[in-house]
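Structural overview for review
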Amino acid sequence: MTGQGQRHPDMPAVDRAAASRAAVEARRARAAVKQAVRAGERSALSVAETAWRDAESVEAGMRVRDLLATLKGLGPTRTLAALESLGIAEVKRLGGLGHRQRQALRSWLRSREAVAGHGRLVVLAGPTAVGKGTVSAFIRENFPEVLLSVSATTRTPRPGEIDGVHYYFLDDERFDAMVAADEFLEWAVVHNQSRYGTPRPPVAAALAEGRSVLLEIDLDGARQVRRAMPEAVLVFLLPPTWEELVRRLVGRGTESAEEQARRLRTATVELAAQDEFDVLVVNDDVERAAREVVDLLAVPRA
Ligand SMILES: Nc1ncnc2c1ncn2[C@@H]1O[C@H](COP(=O)(O)OP(=O)(O)OP(=O)(O)O)[C@@H](O)[C@H]1O
Ligand SMILES: Nc1nc2c(ncn2[C@@H]2O[C@H](COP(=O)(O)O)[C@@H](O)[C@H]2O)c(=O)[nH]1
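What you are looking at is a predicted structure, and each value in this text was computed from that prediction instead of being measured.

Things to note about the site of ligand 1
Near ligand 1 there are 16 residues, and of these Thr128, Lys132, Gly133, Thr134 and Arg252 occur at the shortest range. Here an oxygen atom of ligand 1 sits 3.0 Å away from a polar atom, N or O, in the main chain of Gly131. Across the complex, the protein chains shield 73% of the 650 Å² of accessible surface that ligand 1 would expose by itself. When atoms are counted within 2 Å of each cavity's grid points, the one that captures over half of ligand 1 is the largest pocket. Secondary structure elements with two or more residues in the shell around ligand 1: helix H6 (132-142) and helix H10 (242-252). Tallying contributions element by element places H6 first for the shell around ligand 1, with three residues. In terms of residue class, the shell around ligand 1 is built from four nonpolar, five polar and seven charged.

This is how it looks when you write it as structure tokens:
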């Protein structure tokens, strides 16, 4: 990053005005990123990873010093000491770091998050009827320390489903309002039909308190979480066989034949994307599969 906010003497007046407007916008955007880190909505590590993935991003233009200053317990003196120990000059922007400096900052932020007791975010995805809900329910009952995020959806409740427990059942208008207010960590249209989304505030609050969080969401949502929070662990739940998947879907008996066919079409697309995930878990036994997922939720040691 060079020349941010600097004027070139030969630049025409109109360009200078546009450049100064752009500089104000960039400052505002960087302030919003810092606020999100302070509020626990984003981790400092995810900001750095975004900067290194996209050189044009707001994050790439942030000074490392300003990012560190958002961290709890890191006043100006400790920030400077941390920069010195990392071999990063005070004026450096995230996007301008060399490979070694990136590596050093990445592991420093990782261990700091672990020490601060940050919980892990694990995303559980997989084809319809593979048993995501069953595995999640096992975790909810047996591992109460894990926050199982309650999604919002525009689909109608099934018999026995309770608003606020299984889902927040919303009409389109309310869902639209949450999208407009940026209240979702991710949201997607699932099976070409209804909208589903993860409300952001409970997830951010739990992670900031050091609790681990499990999201049970679709492939599109998992991809969005990967972009927003690269430190999240993405788990793909697999059926023992395709025939068993069909048996589970049909055996559950909660969808019409037409809906079953629609879901199986989505399932083939989802199964083809399993390589995008960090961990594959075969759900041949609910308890074993749940324990594998819970092991991933353990907070890493510094
Ligand atoms: N390990 C397992 N062995 C046998 N049956 C299972 C297993 N896990 C789940 N099931 C059964 O498979 C059916 C589908 O499970 P579940 O509803 O949890 O799937 P899901 O992945 O949440 O589906 P959807 O994405 O469509 O909501 C249920 O009838 C459940 O009891
Ligand atoms: N992207 C998201 N997908 C979600 C969310 N909550 C649930 N889901 C996925 O929807 C399907 C269908 O669920 P069902 O309850 O109608 O059977 C399922 O595969 C879930 O993984 C969410 O918040 N975001």
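Read on for the rest.
A closer look at the sheet that holds strand S9 (residues 279-282)
Taken together, the five strands give an open sheet; going across it, the order is S2-S7-S1-S8-S9, and neighbouring strands pair in parallel fashion. The strands lining the two open edges of the sheet, one partner per strand, are strand S2 (147-148) and S9. Of the strand pairs in this sheet, strand S8 (residues 233-238) and S9 are connected by four bridges, and their pairing is parallel. Within S9, the residue paired with Leu238 across the bridge is Val282. Where helix H9 (residues 219-228) meets the sheet, its contacts fall on strand S1 (121-125), strand S7 (213-216) and S8, and the angle it forms with S1 comes to roughly 160°.

Some words on the UniProt feature "binding site: ATP" (unreviewed entry) in the protein
Per the UniProt record, "binding site: ATP" (unreviewed entry) is annotated on Gly126, Pro127, Thr128, Ala129, Val130, Gly131, Lys132 and Gly133. Residues from the named set that contribute to the lining of the largest pocket are Gly126, Pro127, Thr128, Ala129, Val130, Gly131, Lys132 and Gly133. Within the secondary structure layout, Pro127 lies in the loop between S1 and H6. Residues in contact with Pro127, not counting those within four places in the same chain, are Lys132, Phe236, Leu237, Pro239, Leu245, Ala267, Glu270 and Leu271. Here Ala129 shows up in the loop between S1 and H6. Relative accessible area serves as the criterion here: at 12%, Ala129 is assigned to the buried category.

Thresholds, definitions, all that
- Residues numbered from 1 in each chain as written.
- Chains lettered and ligands numbered in written order.
- Predicted model: local features only at pLDDT ≥ 70, side-chain atom pairs only at ≥ 80, totals over all residues.
- Heavy atoms only, no water.
- Near = heavy atom within 4 Å.
- Polar contact = N/O pair within 3.5 Å; in protein donor to acceptor, adjacent residues only side chain to side chain.
- Areas by Shrake-Rupley, 256 points an atom, 1.4 Å probe, with all protein chains shown as cover.
- 1 Å grid on protein atoms, 1.4 Å probe; cavity = no way out; pocket = protein on both sides within 12 Å on 5 of 7 lines; lining within 4 Å.
- Sits in = over half its atoms within 2 Å of the grid points.
- Helix = DSSP H or I, 4+ residues; strand = E, 2+ residues; numbered from the N terminus.
- Nonpolar A, V, L, I, M, F, W, Y, C, P; charged D, E, K, R; others polar.
- Pairing = 2+ DSSP bridges.
- Contact = heavy atoms within 4.5 Å.
- Axes fitted to C-alpha atoms, helices over the stretch in contact; angles between N-to-C directions.
- UniProt positions renumbered as here; feature names shortened; annotations may be inferred.
- Buried < 20%, exposed > 50% of the residue type's maximum accessible area, 1.4 Å probe, protein only.

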